[in-house]
Amino acid sequence: SKCVKVHHGISDQFIYRSMYAAQLHHCFKSIPKEKVLVIDSSQLKKTPQQVLNLIHRHLGIADYQYPDILNNNQNQAENLQKIFDKYYPSFEERTGWRMDGEYEPMPTQLKETIQNFFKPHNSLLEEMTG
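Computed from a prediction, not measured in an experiment: that's the story for all the values here.

### Looking at the overall build of the protein chain
Stage number 1. A tally of helices and strands in the protein chain yields 7 helices and 0 strands.
Stage number 2. Going residue by residue from the N terminus, the α and β elements of the protein chain occur as α-α-α-α-α-α-α.
Stage number 3. When burial is assessed residue by residue, the protein chain has 22% of its 130 residues classed as buried.
Stage number 4. Contacts in the protein chain between residues at least 24 apart in sequence constitute 38% of all its contacts with a sequence separation of at least 6.
Stage number 5. Of the accessible surface of the protein chain, which amounts to about 9,800 Å², a share of 53% is contributed by carbon and sulfur atoms.

If you want it as structure tokens, here you go:
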């Protein structure tokens, strides 16, 4: 709760919630940087077991082989969502987002505008996380 407060879900704060560097800046005021683990969700979707093992090591707990994860890329995101639903049932409610979402294709001009807006924020995030 010292990092980001979500009052009404991600829909009310989606721009700020997308500025990860700003959120980390607030986290680092209260939590030592080495205690914060930043995970790229695309890696979690591509290699969920490996990323979950990384999370376990960061937390200092034993690795756990999640039986619902397939060893191939077939239905990885769907299976990962099932794992979160089973083992972390309040994840979506507490964070305001799901592991995978379906969206209509974004118009090119809008996509470029958003990319330009977030470019300096993403550069700062890269500096902060190494």
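### What about the nonpolar core?
Stage number 1. Formed by Leu44, Val51, Leu52, Tyr66, Leu80, Ile83, Phe84 and Phe91, the largest nonpolar core amounts to 8 residues.
Stage number 2. At the level of secondary structure, the elements contributing two or more residues to this core comprise α4 (48-59) and α5 (76-87).
Stage number 3. When residues in this core are grouped by element, the largest group, 3 residues, is from α5.

### Regarding the pattern of salt bridges
Stage number 1. Per the stated rule, a full pass over the model turns up 1 salt bridge.
Stage number 2. Between arginine 57 and aspartate 63 there is a salt bridge, and its shortest N-O distance comes to 3.7 Å.
Stage number 3. Relative accessible area serves as the criterion here: at 52%, arginine 57 is assigned to the exposed category.

### Examining helix α7 (residues 108-129)
Stage number 1. Taking 1.5 Å as the rise per residue, α7 with 22 residues should run 32 Å; its terminal C-alpha atoms sit 29 Å apart, in good agreement.
Stage number 2. All of the buried residues along α7 are Phe118, Leu125 and Met128.
Stage number 3. Looking at the buried residues of α7, the elements they touch are α1 (14-17) and α2 (20-30).
Stage number 4. Downstream of α7 by a residue or two, glycine 130 has a phi angle that is positive, lying close to 85°.

### Things to note about the packing of α2 against α7
Stage number 1. It is at 8 Å that the axes of α2 and α7 come closest, and there the two elements cross at 40°. The orientation of α2 relative to α7 falls into the category oblique. Along its contact with α2, which presents Tyr20, Ala21, Leu24, His25 and Phe28, the element α7 presents His121, Leu124, Leu125, Met128 and Thr129.

Rules behind the numbers
- Residues numbered from 1 in each chain as written.
- Predicted model: local features only at pLDDT ≥ 70, side-chain atom pairs only at ≥ 80, totals over all residues.
- Heavy atoms only, no water.
- Helix = DSSP H or I, 4+ residues; strand = E, 2+ residues; numbered from the N terminus.
- Buried < 20%, exposed > 50% of the residue type's maximum accessible area, 1.4 Å probe, protein only.
- Contact = heavy atoms within 4.5 Å.
- Areas by Shrake-Rupley, 256 points an atom, 1.4 Å probe, with all protein chains shown as cover.
- Core = buried A, V, L, I, M, F, W, Y, C linked by side-chain atoms within 4.5 Å.
- Salt bridge = Lys/Arg side-chain N within 4 Å of Asp/Glu carboxyl O.
- Expected span 1.5 Å × (residues − 1).
- Axes fitted to C-alpha atoms, helices over the stretch in contact; angles between N-to-C directions.
- Parallel < 35°, antiparallel > 145°, perpendicular 65-115°, else oblique.

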